[in-house]
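Here are the chains, one letter per residue:
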Amino acid sequence: MVEMMSDYHSQQVLENLILVLVPCWLAKTSSVGKLFQIFIKGLPDITENRRMAVIVFLVRTLGEKDSLGILYYHLFHSLILRLHITWSCSETDFLELLSPSSMIFKEWEYTFVLQLCNQYSSKIWLPSLVKLLQEIEYSSKQQEFFPELFLALQFILGKLRDTEFVFELDSGIDAAYIQDTLGALMEQVVLHLQLLGVRCKELGFSKRALKEIRKCISQILKTLRTWMNPDTFFKCIAQLLGSDDWKVIKKTLGLLCESIKDQVPGQKDMERANKKRKTTVFAIPVTAHVVPSFIELCSKINHLVSRASVQIPVKLAAISSIETLAKELPCDDPIFGTCLQCVIEEINSSDFALSSACIRSTAALVGVLGSQALKQLPCIMTHIFKKAHEVSRCPQIQSKQSANGIESHKVPVFLSILSALEAVITHLNSFLNPYLDEILDVIILHPEFVSDLDVKLKLKAVAVRKLLTEKIPARLVLPPLLKIIKTAIRCGESSLSLVFEMLANIIGGMDRPSISYYHVRIYEQCLASLNIRHQVPESVKDINVVEQSVIHAMVVLTMKLTETMFKPLFLHSLEWAESELEENQSTKSTSLDRSISFYSLVNKLIQQHRSLFVPYFKYLLGSSTRYLTEDEVVDSNSPTQKRKKAKIQDSCSNVNSKVVSATKLWHLRALILKALYHCFLYDTTETKFLDTSNFQVLLKPIISQLIVEPPATLNDYADLPTVEDVNEYLVLCLGQMAVTAKSDVLWKPLNHEVLMQTRNEKVRPKILSLRVIKYLLEHLREEYLVFLPETIPFLGELLEDVELPVKTLAQDILKEMEVLSGESLKQYL
């Protein structure tokens, strides 16, 4: 044959011979591959300029579309055999083969395949790639499988990225045929991806080498997705889902999700893609042309979800695919309603992963369907609530189990439940009235949704609760929210605080008519809940957390009220705080606990409303002075002398009743001082609260606090105001009292009373009195100079005090006085 190829005439003779021999060969055997092997064996002996002509003629005789891919395979196979490359060669040698700079790509067989392929248009060489992979699959049990597959994949990747092919795609010539062929090629690539894993286990192939081959397959699939239109892609995926191999189906579903999620690149990626190609894959939602293939795809996925015989991993992949399709490719077709029905039926699966995936998909489908999901709403809510109660601990025993944490395998279920609730609240909020009781039960009472044990779960629960208060009308959500308070008390402070947090959010969004209708009911409920400090239920460990959340809701409500609405509510609150509680038939007493809660509210009100609230202090004058002056206040929670034993319902139940009362009184007085300081600070209107009469009433009660000793057990109560806090409130209160009074007639008794306390035997009154003098000096400035004659003798005594802090502070004050007066005052000491 070599001799016959030496001239053109000989080539004609050979071609005529081929025309005669090929039909005879095919008549005796159908193996085109063996015929190619004979020619490939002799090709090295033919001059390079004649090789291509012979092979092109042979392929034309056999039919290009049917035989070209077979020829590629045998050329690669010949190359692998000649170089003795098999799966059993060393890992280093194989990894060297896989490198882009490998010399194998310079061998004549590989370059000949490239040259041969370039002889044809994509309409011919593209289907030959499909045939090439099919031939490799037929011989996959041979030792040369891995290197052959790698060569074929590299060749395919190069052709798909060829510039001429890109131009041909953009031209639109033979578009339908090319799209169908791309789909067939993708099917083969996915099948080989699965086959690769099977053969790897059978032959013990290197994991590093396997990773490189899979990387190449991933690049091919990504390139195919780029060139395929949505209709072709959906048809291809649907075809693969009809496979009998569960692993192929699972990989196909994974490819679907990956492809859909990658459909919307970043802005820079989009610009780069547009420069490279006129259109991008899946750039728009599902159009009318694509709908039929999309429906077919969804139907096959639904079939996988509903079939009982389908393995759990495959069902998970199918449900995840539905979720991805719903989120990324929404359309108006009823097929998503069918998907929703299939997914809901699997929610109650005993497999937590499957159940979680179903609930997440339900959320995504509700987001797509909107009001169209209404007919499935009862079924959705029933299954979600059932699953929530199944995986969550009983709310009534939260305090016993909260320390155990959340089981990690249940966290995805909880997150998916919240996602589903978020979806129905967002899209079906107007129809949720029958389910609000149970929704609130889940997001408020169940410990997993209110604890800090999982950050993601906590943030998601916070978002759902906030969304509920924003999307559901107040007239619908308020009744069940207020009703759940009694149950929330039994579940602990976390649940109870969340009720009032949500209540505050609802109030913030209420319009004026709603406020007018509901404000009394809301305020009464909040006031009743403030009694928790007095009641001290066993389930509530941190009273302050609950109290602050209740007060916050009350303050938010007051911001919406008019003077006419607010005044009677405030006076009722004062009456509630001062009311007598019956301990038994013969004993009545007031509650320090109620007063503490009330003055905590007063502090928030004055800080929020400032000068607008100052006039209300005239109603507090009597109770404030009483609590500041009385040495002992009878507390309804303290035992009476007539009773031999009594149980004190607070965290200090084992402490002596007098000690308990002392700590409560310390707390209450701190709140009163703080409130009075802010009252004086914001008393800026023409009709001042701090007139001469009120000044005189308040002066001595406040001054008396300079000598009040802190309770001996103060350090045992972490939630009580510290000595430093009370000292600060007291100094600010007396100092601001003088600044607000703006009268030397009133300053004189204040200054005198403070100076008299410096002669107390204890250090604290001396220090506090000096701090008040220093405050007056700094804020009254020159106006204080008139009091120097009275003040200097007291300073002289303090400069000789044995306590260094007292002496040092007195020296500092004297220096400031000298600077202010412009002369030395030591001569007057």
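Residues numbered from 1 in each chain as written. Predicted model: local features only at pLDDT ≥ 70, side-chain atom pairs only at ≥ 80, totals over all residues. Heavy atoms only, no water.

**As for the overall build of the protein**
Point 1. Looking only at helices and strands, the protein has 40 helices and 2 strands in total.
Point 2. Look at the contacts in the protein between residues 6 or more apart in sequence, and 76% of them connect residues 24 or more apart.
Point 3. Total accessible area computed for the protein in this model is approximately 38300 Å², and 52% of it derives from carbon and sulfur atoms. (Helix = DSSP H or I, 4+ residues; strand = E, 2+ residues; numbered from the N terminus. Contact = heavy atoms within 4.5 Å. Areas by Shrake-Rupley, 256 points an atom, 1.4 Å probe, with all protein chains shown as cover.)

**Structural notes on the packing of helix H19 (residues 377-391) against helix H22 (residues 436-445)**
Point 1. Remark: H19 packs on H22, axes separated minimally by 11 Å, with the N-to-C direction vectors making an angle of 30 degrees. Accordingly, the angle class assigned to the pair H19 and H22 is roughly parallel. In terms of crossing hand, the pair formed by H19 and H22 is left-handed. Residues Met381, Phe385, Ala388 and His389 of H19 lie in contact with H22, whose contacting residues are Glu438, Ile439, Asp441 and Val442. (Axes fitted to C-alpha atoms, helices over the stretch in contact; angles between N-to-C directions. Parallel < 35°, antiparallel > 145°, perpendicular 65-115°, else oblique. Left-handed = near helix turned anticlockwise from the far one by under 90°.)

**What to know about the environment of Asp744**
Point 1. Along the chain, Asp744 turns up in helix H37 (residues 744-756).
Point 2. Considered as a pair, Asp744 and Tyr784 are 40 residues apart in the sequence and their alpha carbons are 8.6 Å apart.

**Considerations on the pattern of salt bridges**
Point 1. Applying the stated rule across the entire model yields 23 salt bridges.
Point 2. Where Arg82 meets Glu109, a salt bridge forms, and the shortest distance between an N and an O atom there is 2.8 Å. One end of the pair, Arg82, is in helix H4 (residues 64-83); the other, Glu109, is in helix H6 (residues 108-117), and 27 residues separate them in sequence.
Point 3. For Glu109, a relative accessible area of 1% corresponds to the buried category. (Salt bridge = Lys/Arg side-chain N within 4 Å of Asp/Glu carboxyl O. Buried < 20%, exposed > 50% of the residue type's maximum accessible area, 1.4 Å probe, protein only.)

**Some thoughts on helix H12 (residues 230-240)**
Point 1. The buried fraction of H12 amounts to 8 of the 11 residues, a majority that puts the element mostly inside the structure.
Point 2. Taken together, the buried positions of H12 are occupied by Asp231, Thr232, Phe233, Phe234, Cys236, Ile237, Ala238 and Leu240.

**A look at a positive patch on the surface**
Point 1. Taken together, Lys201, Arg214, Lys247, Lys250 and Lys251 make up a surface patch of like positive charges.
Point 2. When residues in the positive patch are grouped by element, the largest group, 3 residues, is from helix H13 (residues 246-261).
Point 3. Here Lys250 lies in helix H13. (Patch = residues over 30% accessible without salt bridge, like charges linked within 9 Å, V, L, I, M, F, W, Y side chains within 5 Å. Lys, Arg positive; Asp, Glu negative; His and termini not counted. Charge placed at Lys NZ, Arg CZ, Asp CG, Glu CD.)

**What to know about the packing of helix H35 (residues 692-703) against helix H36 (residues 723-741)**
Point 1. Orientation of H35 relative to H36, taken along the N-to-C sense of each, is 160 degrees, at an axis distance of 11 Å. With respect to H36, the axis of H35 lies roughly antiparallel. The hand of the H35/H36 crossing is left-handed. The segment H35 lies against H36, with Phe695, Leu698, Leu699, Ile702 and Ile703 engaging Leu730, Cys733, Leu734, Met737 and Ala741.
Point 2. A per-class count over the contact of H35 with H36 returns 10 nonpolar, no polar and no charged. (Nonpolar A, V, L, I, M, F, W, Y, C, P; charged D, E, K, R; others polar.)

**What about helix H24 (residues 455-471)?**
Point 1. End to end, H24 covers 24 Å across 17 residues, agreeing with the expected 24 Å (1.5 Å per residue, within 8%).
Point 2. Taken together, the buried positions of H24 are Leu457, Ala461, Val464, Arg465, Leu467, Leu468 and Thr469.
Point 3. For H24, the secondary structure elements touched by its buried residues are helix H21 (411-427), H22, helix H23 (447-450), helix H25 (474-483) and helix H27 (493-508).
Point 4. N-cap assignment for H24: the residue whose side-chain oxygen lies 3.3 Å from the backbone N of Lys456 is Asp454. (Expected span 1.5 Å × (residues − 1). Polar contact = N/O pair within 3.5 Å; in protein donor to acceptor, adjacent residues only side chain to side chain.)

**Considerations on the packing of aromatic side chains**
Think of a pair of aromatic rings as described by two things: how far the centres are apart, and how the planes are tilted against each other in angle.
Point 1. A full pass over the atoms with the stated rule returns 25 aromatic pairs.
Point 2. Seen from their ring centres, Phe105 and Tyr110 are 5.1 Å apart, and the 70 degrees between their planes marks the pair as edge-to-face. Exposure class is identical for Phe105 and Tyr110. Each is buried.
Point 3. Site record: aromatic cluster; members linked through ring pairs are Phe566, Phe570, Phe598, Tyr599, Phe613, Tyr616, Phe617, Tyr619 and Phe689.
Point 4. Directly above the aromatic system of Tyr177 lies the positively charged group of Lys123, at a separation of 5.8 Å from the ring centroid. (Phe/Tyr/Trp six-rings, centres within 6.5 Å; stacked < 30°, edge-to-face > 60°. Lys NZ or Arg CZ within 6 Å of the ring centre and 35° of its normal.)

**Topic: the confidence of the model for the protein**
Point 1. For the protein, per-residue confidence averages 86 on the pLDDT scale, and residues scoring 70 or more make up 87% of the total.
Point 2. Taken together, the stretch residues 264-284 has pLDDT below 50 and engages in 21 contacts with residues farther than four places along the chain or on a different chain.
Point 3. Every residue in residues 398-403 is under pLDDT 50, and counting partners more than four places away or in other chains gives 10 contacts. (pLDDT = per-residue confidence, 0-100.)

**Describing the environment of Leu574**
Point 1. Within the fold, Leu574 resides in helix H31 (residues 563-578).
Point 2. In this structure Leu574 comes out as buried when scored by relative accessible area, which is 11%.
Point 3. Sequence separation of Leu574 and Phe598 is 24 residues, and the distance between their C-alpha atoms is 7.3 Å.
Point 4. Sequence-distant contacts of Leu574, defined by excluding residues within four places in its chain, comprise Phe598, Tyr619 and Leu620.

**Regarding the environment of Ser320**
Point 1. As for its position among the elements, Ser320 is in helix H16 (residues 312-328).
Point 2. Owing to a relative accessible area of 24%, Ser320 belongs among the partly exposed residues under this scheme.
Point 3. Ser320 sits 67 residues away from Leu253 along the chain, and the two C-alpha atoms are 8.4 Å apart.
Point 4. Contact partners of Ser320, with chain neighbours within four places excluded, come to Cys257 and Ser361.

**Details of unusual backbone geometry**
Note: most peptide bonds trans; most residues except glycine with negative phi.
Point 1. Even without a glycine there, the phi angle at Asp174 is positive, about 55 degrees.
Point 2. Within the element layout of this structure, Asp174 appears in the loop between helix H9 (163-171) and helix H10 (175-203).
Point 3. With a phi close to 50 degrees, Val536 is a non-glycine residue in the positive phi region.
Point 4. With respect to the helices and strands, Val536 occurs in the loop between helix H29 (532-535) and helix H30 (543-558).

**So, the nonpolar core**
Point 1. Core analysis: the biggest nonpolar cluster contains 283 residues, and Ile443 and Ile702 have the highest contact counts within it.
Point 2. Of all the elements, helix H34 (residues 657-681) adds the most residues to this core, at 12 residues.
Point 3. Filtering out sequence-adjacent residues up to four positions away, Ile702 remains in contact with Leu628, Leu673, Leu676, Phe680, Leu730, Cys733, Leu734 and Met737. (Core = buried A, V, L, I, M, F, W, Y, C linked by side-chain atoms within 4.5 Å.)

**A look at the side chain of Gln757**
Point 1. Mapped onto the fold, Gln757 is located in the loop between H37 and helix H38 (763-780).
Point 2. Residue Gln757 is classed as buried on the basis of its relative accessible area, which comes to 15%.
Point 3. The residues contacting Gln757, other than those within four sequence positions of it, are Ile703, Leu706, Ile707, Pro765, Lys766 and Ser769.

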